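Residue-level structural notes
Here are the chains, one letter per residue:
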Amino acid sequence: MHAHYGAGGDGGGSRRAAPPKGDAGLYFLGALHELVAIGLHRPALDALCAGQRDIAEPPIDRAYLIKILDEEISRQFGHPLRPLIELVLNAADAARAPQPLVDVAVIDGRVDVSDTGAGMGLRAILSRLLIPFATDKRPGIDLGRFGVGFFSVLGLGLSDPESFSLHLTTGDGIEGWAIRVVAWPSLGDAPERTPDEPERARGRASPELTAALMCSVRRIAPLLGTRVRVTSSLLESSAVRAYLRDALHFFPASRALVLLDGAAVNDGRLISGGRLVEERIAAAPAADADDPPAASGPRPTAASGPPPAAASGPPAEEARARLAEGRDGALVARFHVGGRALLPSISAATFHAGVKVEACLAVAELALIDFPAAVELTEGRDALKVGPAFTAAATAFYRRLIQIAAEGGEGRRARDRLAEMAAQISALMLQSAGWDEVAVELARALLGPGRCMVNPERREALLGFLGPSVADRLFVPESFWAEREWQPHLPGERELLEDELEFDPPETLAALARRRGDLAGLPLLVARAVSPHTTMVALCRGRPQAGGGAGAAARRAPGALPSPDAPARRPAGPLPCLGTRRLLLIRDDSAAVRRPAGWCDRYALRAAFDRASGVREADLERDLIVGEPVDGAACAALGPGERTSGGDP
């Protein structure tokens, strides 16, 4: 199964079942799961590290071990190339230089990921690298979280075993080691395939392929750092480069500068313009880094501005680097708002520790939100888990939008767009985390007082009924998502109407026409109604304008004519009627209702009443074109109180 031959060797690999004679550098040759079993069994691990030739079989259930390894190897990320990102994160965690570098080289069918940081000795390889979840990564500080980066790459071997190989060379400056893994169908010759079975090897059960992963371990010359070479026909160079740029362009350069074929991908050159901020969102408790943060940090708002700087401490750049790395126990999120992407694949997205988790093409603005490493992932490995740290970062982002608007002195149109964007990001990118906590504050800061949210289809009708003076009070969401997020937190159409109008009690249209004979337009509405005796309406008028005199607060009795000294009221719009869910509103201060004169007033009554009654727009237009003409003589013949075809007034 395995053999030990002392030091030396050239770092190569072998597919042979037994080690060749004279290969002094070869420490192990056999199935990968057998090497994992040695790492799990302390006596066998010590024996192999001590250079013993004969090692006892570890007493571990091989079937169960293969099952566990297969689950970790075959479990998919959201993107099939995501295992390559895990290699980059591991390299970034291993780097120890003032400006760490991770070098990624891509050609068709091969990807190399290299670093010059702290490598591994044989014991570390066997006890950490090759044992799923046996990671020494620090939660909230290091980027790798699960200890499965090495195994996730092996999933490429299950997808295309014949073209796959993984070659890792590493060293801690004292030792040097080379590990090679290949996907081999059996210890003997590979089975021949008939022409009608070209994919038989790929179609076999996944545990069988996992058991067929072969591994060799060799001792090589001492070196410092790690290089991982992955070979597979699935690694098409242009697709790999595009994915790495998209996934890593927002990776913090303070953690590591990622070079893709010699060119940096995370130095900001792939984004033009915009604003990048780093936000300290919470202080992690000192007792246990795995626990969620207990207290929120400073919250910048439009009134308070950014959090004050500390009275003493390191320079700003050093402090920012310390925060980003979590060395002082802080949780730091990064936000990039505005600007534009220079590659079509870069869009609004959420990131986790600088690696893209989910893109969002529905948000037009380039909004990038990078959650700190302390935010957890779900078991799917690349989906963020909503928790206290996640919510704190989301809330900090919303408040940062408030601060950006305040600092820039944005006008109403720009603030409305920020409110729209905030709601879209909440619904589409942040799972509405923290939205209820900050929505009222956002509305007050971005939308201003007195704003009411109305449906886009109702905007023109409300402006026509209430008049253009209410235009500044309307907030019309551009998307369903913004409407959904803002609806519980903003007053709507009903509150707007109640604030702008005075209402008489509801009654039938026929009764209103009989009671208010002074309103010459009502008989025309009765004539248009299908059933005026059951059509419920309410007469209304604009409220007195602010500062309209001592009688501004007094209400006019229903049916009473305005007195000469009545306060000035908010003027009516051109549409005399408006339909609501409960009844139809008619303005008695509209000229078309009080004394219709000319074709325009009669057209306004006819069209507004039909629309308010729910007549389809197509039917309304057809009726106006081919129906009875609206002429002044016909309307003038109908005096107030005369019987019409719709019923007696």
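Refer to the structure above for everything that follows.
These figures come from a predicted structure and were not determined experimentally.

1. Remarks on the sheet that holds strand E9 (residues 263-264)
- Ordered by their spatial adjacency, nine strands build an open sheet running E1-E6-E5-E4-E7-E3-E2-E8-E9, and the pairing between neighbours is mixed. Of all the strands in the sheet, the pair left with one neighbour each is strand E1 (26-31) and E9.
- Where strand E8 (residues 257-260) and E9 come together, two bridges link them in antiparallel fashion. Its bridge partner being in E9, Leu 260 is matched across the sheet by Ala 263.
- The strands touched by helix H1 (residues 32-40) are E1 and strand E6 (213-220); relative to E1, the strand with the most contacts, the crossing angle is about 120 degrees.
- On top of the sheet, helix H9 (residues 237-248) reaches strand E2 (101-107), strand E3 (110-115) and E8; it is set at about 155 degrees to E2, its chief contact.

2. Describing helix H2 (residues 42-49)
- All of the buried residues in H2 are Ala 44, Leu 45, Ala 47 and Leu 48. The buried residues of H2 occupy an angular sector of 165 degrees when projected down its axis, which confines them to one face. In H2, the exposed positions that point more than 90 degrees away from the buried face belong to Arg 42 and Pro 43.
- Contact partners of the buried residues in H2: E1, H1 and helix H5 (122-129).
- Where H2 terminates, the next one or two residues include Gly 51, which has phi positive at roughly 85 degrees.

3. Focus on H1
- With eight of nine residues buried, H1 is to be regarded as a mostly interior element.
- Among the residues making up H1, those that are buried are Leu 32, His 33, Glu 34, Leu 35, Val 36, Ala 37, Ile 38 and Gly 39.

4. Examining unusual backbone geometry
- For Asp 261, which is not a glycine, the phi torsion comes out positive at approximately 55 degrees.
- With relative accessibility at 40%, the residue Asp 261 sits in the partly exposed group.

5. Digging into the nonpolar core
- If you look at the biggest cluster of nonpolar residues, it comprises 67 residues, and the most contacted ones within it are Val 104, Leu 154 and Leu 166.
- When residues in this core are grouped by element, the largest group, seven residues, is from helix H4 (residues 82-94).
- With near-sequence residues (within four places) excluded, Val 104 lies in contact with Val 88, Val 111, Asp 112, Val 113, Leu 244, Val 258, Leu 259, Leu 260 and Asp 261.
- With 49 residues, the next largest nonpolar core counts Ala 333, Phe 390, Ile 402 and Phe 475 among its residues.

6. With respect to the pairing of strand E5 (residues 176-183)
- Burial analysis of E5 places seven of its eight residues in the buried class, which makes it a mostly covered element.
- Judged from the six bridges that link them, strand E4 (residues 165-172) and E5 form a sheet pairing that is antiparallel. Opposite Leu 166, over in E5, you have Val 181 as the bridge partner.
- Counting the residues in the hairpin turn of E4 and E5 gives three residues, including Gly 173, whose phi is positive at 95 degrees.

7. Considering the pattern of salt bridges
- Counted under the stated rule, the structure contains 34 salt bridges.
- Here Asp 499 ties to Arg 473 by a salt bridge, and the two come within 2.6 Å at their closest N and O atoms. Taken together, the residues span a long stretch of sequence, with Asp 499 in helix H16 (residues 493-500) and Arg 473 in the loop between helix H14 (459-466) and strand E19 (474-475) at a distance of 26 residues.
- Judged by its relative accessible area of 37%, Asp 499 is partly exposed.
- For Arg 473, a relative accessible area of 18% puts it in the buried group.
- Close ionic contact of Arg 515 with Glu 507 constitutes a salt bridge, the shortest N to O distance being 2.5 Å.
- Residue classification places Glu 507 among the buried positions, given a relative accessible area of 15%.
- Salt bridges sharing common partners tie together Asp 504, Arg 516, Asp 518, Arg 541 and Asp 588.

8. Brief notes about the pairing of E3
- Two strands pair when backbone bridges link them, and E2 and E3 are joined in this way by six bridges, in the antiparallel orientation. In the sheet register, Val 102 faces E3, and the bridge partner there is Asp 115.
- Both E3 and strand E7 (residues 224-231) contribute to a ladder of six bridges, which runs antiparallel. Bridge assignment links Ser 114 to a residue of E7, and that residue is Arg 227.

Rules behind the numbers
- Residues numbered from 1 in each chain as written.
- Predicted model: local features only at pLDDT ≥ 70, side-chain atom pairs only at ≥ 80, totals over all residues.
- Heavy atoms only, no water.
- Pairing = 2+ DSSP bridges.
- Helix = DSSP H or I, 4+ residues; strand = E, 2+ residues; numbered from the N terminus.
- Contact = heavy atoms within 4.5 Å.
- Axes fitted to C-alpha atoms, helices over the stretch in contact; angles between N-to-C directions.
- Buried < 20%, exposed > 50% of the residue type's maximum accessible area, 1.4 Å probe, protein only.
- Arc of directions from axis to C-beta.
- Core = buried A, V, L, I, M, F, W, Y, C linked by side-chain atoms within 4.5 Å.
- Salt bridge = Lys/Arg side-chain N within 4 Å of Asp/Glu carboxyl O.

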